[in-house]
Amino acid sequence: MSGLQAGAPAPSFRRAMILIVGLFFMWGVANNLNDLLIAQFKKAFTLSDFRSGLVQSAFYIGYFLIAVPASMFMRRFGYKPAIVMGLTLYGAGALLFYPAAESLAYGYFLGALFVIAAGLAFLETAANPLMTVLGPPQTADRRLNLAQAFNPLGSIAGVFFGSRMIFSNTHYTPAQLAALSPARLLAFRTTEARAVEAPYMILAAVVLAWAAMTVVTGFPNVDRAQGEANTTIDGGFAGLLRFPRYWLGVAAQFFYVGAQVGVWSFLIRYAQHNLPGLYEQDAARYLTASLALFMAGRFIGTALMTRVSATLLMAIFAGVSVALCLVGVAAQGHTGVLALVGVSLFMSIMYPSIFSLSVGGLGAYKKSGASFLVMAIIGGAALPALMGRISDSSGIHAAFLAPAACFAFVLLFAAVSGRRGQPDLAAAA
């Protein structure tokens, strides 16, 4: 690592590392506030499960559409400008929640979420590969898992404070809503929609302050050290065709993110269905517990990777995740809820492990490769919508067959990666 930080004072380098790790915390906040928004907007706008799931669709479509432009921007200007651009878009999208809430327009909220996601596409495209090159290649899996451990910490903070600021104690059954006068119904919806203003204004202030600190902080120059300055088409995207396992990793990331987002997005609804009389704020505690287990899993997984290969550990964790989702499909009451909460412990290492295994050996193609792995986050848009459809037609229990199938694909990727070892490293040499 010392060679990568040559020319940069040690204090400046440490500040840069703190800022980079802080990014993992920040997009955790944004990602899991969406889980609260699904429940809140369903209540404020009287939405079906499918329409409320469009919160995640708008969010992850932003990732999908912006990831390649973010990669091109990063290849042209470097890691630091990409991070500043991402934070600026993130902050701007959070600010847009104010006019969206004042207009009481669900579509405007979806537009604001798209802008936030565009910013996060820049951040993830830059921060994930940056962590893999800030040190020896042999420890890239553990290093990225450790940095990613701060992501669920942000998720927990977002859910903990967001649930207290957003959710109210006002609840109506469909029959009670139908009996309200137009004026009272409008007042109820106005109050519930505007409950999201304060947390997002606070979030915008923090994110934009982080952008300002990034501007004035020196970053280590790893672009030239890693030979990633090539901005030609062949040095960017076409050359990735030489790495077949990379594309299997992209598919695995699509299914993993879909499974993660799907499980968390419908956990509150599932808990309310299995435990009648449970209000949103109480049900959100199960989501908070999930995120705590997710964070614990990151630290546990990082420690286990000193003794067990990333591929073997991911295969074991993926197999357990499949089993727990199937318990959620079949079980009732607390058993099903606790099984789905437990999934978070075992899916914890999957995103960073898939990412580092996929970009390992890409060399000059690492920045371009990062873009498609970030694009794969579109799985977070596809699966909640699919689960919403299944839930509306066959019940919320059946909806969890979808993430079970996704985890099965991650198991396949782990098995293939473990059997083949590191063939693409040789191809890139």
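Above this text is the structure in question.
Let us look at the structure shown here. (Residues numbered from 1 in each chain as written. Predicted model: local features only at pLDDT ≥ 70, side-chain atom pairs only at ≥ 80, totals over all residues. Heavy atoms only, no water.)

## Some details on the overall build of the protein chain
At step 1: Regarding its fold elements, the protein chain presents 23 helices and 0 strands.
At step 2: For the protein chain, the residues scored as buried account for 59% of the 429 residues in total.
At step 3: Of the contacts formed within the protein chain by residues at least 6 apart in sequence, a portion of 85% connects residues at least 24 apart.
At step 4: Accessible surface, the protein chain: about 15700 Å² in total, of which carbon and sulfur atoms supply 69%. (Helix = DSSP H or I, 4+ residues; strand = E, 2+ residues; numbered from the N terminus. Buried < 20%, exposed > 50% of the residue type's maximum accessible area, 1.4 Å probe, protein only. Contact = heavy atoms within 4.5 Å. Areas by Shrake-Rupley, 256 points an atom, 1.4 Å probe, with all protein chains shown as cover.)

## Concerning the pattern of salt bridges
At step 1: Under the counting rule described, the total for this entry stands at 2 salt bridges.
At step 2: Glu102 is the salt-bridge partner of Arg194, the closest N and O atoms lying 3.3 Å from each other. Of this pair, Arg194 sits in helix H10 (residues 182-194) while Glu102 sits in helix H5 (residues 97-103); the two residues are 92 residues apart in sequence, bridging distant segments of the chain.
At step 3: Across the salt bridge formed by Asp282 and Arg285, the nearest N and O atoms sit 3.4 Å from each other. In this pair, Asp282 and Arg285 are both assigned in helix H15 (residues 280-304), 3 residues apart and thus about one turn of the helix distant.
At step 4: A relative accessible area of 28% means that Asp282 is categorised as partly exposed.
At step 5: Arg285 gets classed as exposed once you look at its relative accessible area, which sits at 55%. (Salt bridge = Lys/Arg side-chain N within 4 Å of Asp/Glu carboxyl O.)

## A short note on unusual backbone geometry
At step 1: Non-glycine residue Leu104 carries a positive phi angle of around 55°.
At step 2: Note on Leu104: relative accessible area 28%, which makes it partly exposed.

## Description of the packing of aromatic side chains
At step 1: Across all of its chains, the model carries 19 aromatic pairs by this definition.
At step 2: Relative to Phe122, the ring of Phe73 lies with its centre 5.5 Å away and its plane at 80°, an arrangement referred to as edge-to-face. With Phe73 in helix H3 (residues 54-77) and Phe122 in helix H6 (residues 106-133), this pair connects stretches of sequence that are 49 residues apart.
At step 3: Ring-pair connections join several aromatic residues into one group, and the members of that group are Phe41, Phe45, Phe97, Tyr106, Phe109 and Tyr200.
At step 4: One Lys or Arg, Arg76, reaches over the ring of Phe77 and ends 5.0 Å from the middle of that ring. (Phe/Tyr/Trp six-rings, centres within 6.5 Å; stacked < 30°, edge-to-face > 60°. Lys NZ or Arg CZ within 6 Å of the ring centre and 35° of its normal.)

## A few points about H10
At step 1: In this model, H10 (13 residues) spans 18 Å end to end at C-alpha, consistent with the 18 Å of a helix rising 1.5 Å per residue.
At step 2: Looking only at H10, the buried set comprises Leu185, Phe188, Thr190, Glu192 and Ala193. (Expected span 1.5 Å × (residues − 1).)

## Remarks on the packing of helix H14 (residues 267-274) against H15
At step 1: At a closest axis distance of 9 Å, the pairing of H14 and H15 adopts a crossing angle of 125°. Judged on the interaxial angle alone, H15 and H14 are oblique. Considering only the axes of H14 and H15, their crossing is right-handed. Here Leu267, Ile268, Ala271 and Gln272 of H14 come into contact with H15, specifically with Glu280, Ala283, Ala284, Tyr286, Leu287 and Ser290. (Axes fitted to C-alpha atoms, helices over the stretch in contact; angles between N-to-C directions. Parallel < 35°, antiparallel > 145°, perpendicular 65-115°, else oblique. Left-handed = near helix turned anticlockwise from the far one by under 90°.)

## Notes on the nonpolar core
At step 1: Tyr90, Tyr256 and Met350 are the most contacted members of the largest nonpolar core, which totals 139 residues.
At step 2: Take this core: its biggest share by element is 18 residues, from helix H1 (residues 10-45).
At step 3: Look past the residues within four positions of Tyr90 in its chain and what remains in contact with it is Met26, Val29, Ala30, Ile116, Gly119, Leu120, Leu123, Leu203 and Val207. (Core = buried A, V, L, I, M, F, W, Y, C linked by side-chain atoms within 4.5 Å.)

## Notes on the packing of H15 against helix H17 (residues 333-347)
At step 1: In the contact formed by H15 and H17, the axes pass within 6 Å of each other and the chain directions differ by 30°. Crossing of H15 against H17: the hand is right-handed. Contacts from Tyr286, Ala289, Ser290, Leu293, Phe294, Ala296, Gly297 and Ile300 of H15 reach H17 at His334, Val337, Leu338, Val341, Gly342, Ser344, Leu345 and Met347.
At step 2: Here the residues of the contact of H15 with H17 are counted per class, giving 11 nonpolar, 5 polar and no charged. (Nonpolar A, V, L, I, M, F, W, Y, C, P; charged D, E, K, R; others polar.)

## Quick notes on the environment of Gly78
At step 1: Counting through the fold element by element, Gly78 comes out in the loop between H3 and helix H4 (79-95).
At step 2: Among the residues examined, Gly78 registers a relative accessible area of 4% and is labelled buried.
At step 3: Spatially, the C-alpha atom of Gly78 lies 8.8 Å from that of Asn221, the residues being 143 residues apart in sequence.

Read these as geometric descriptors, not functional statements.
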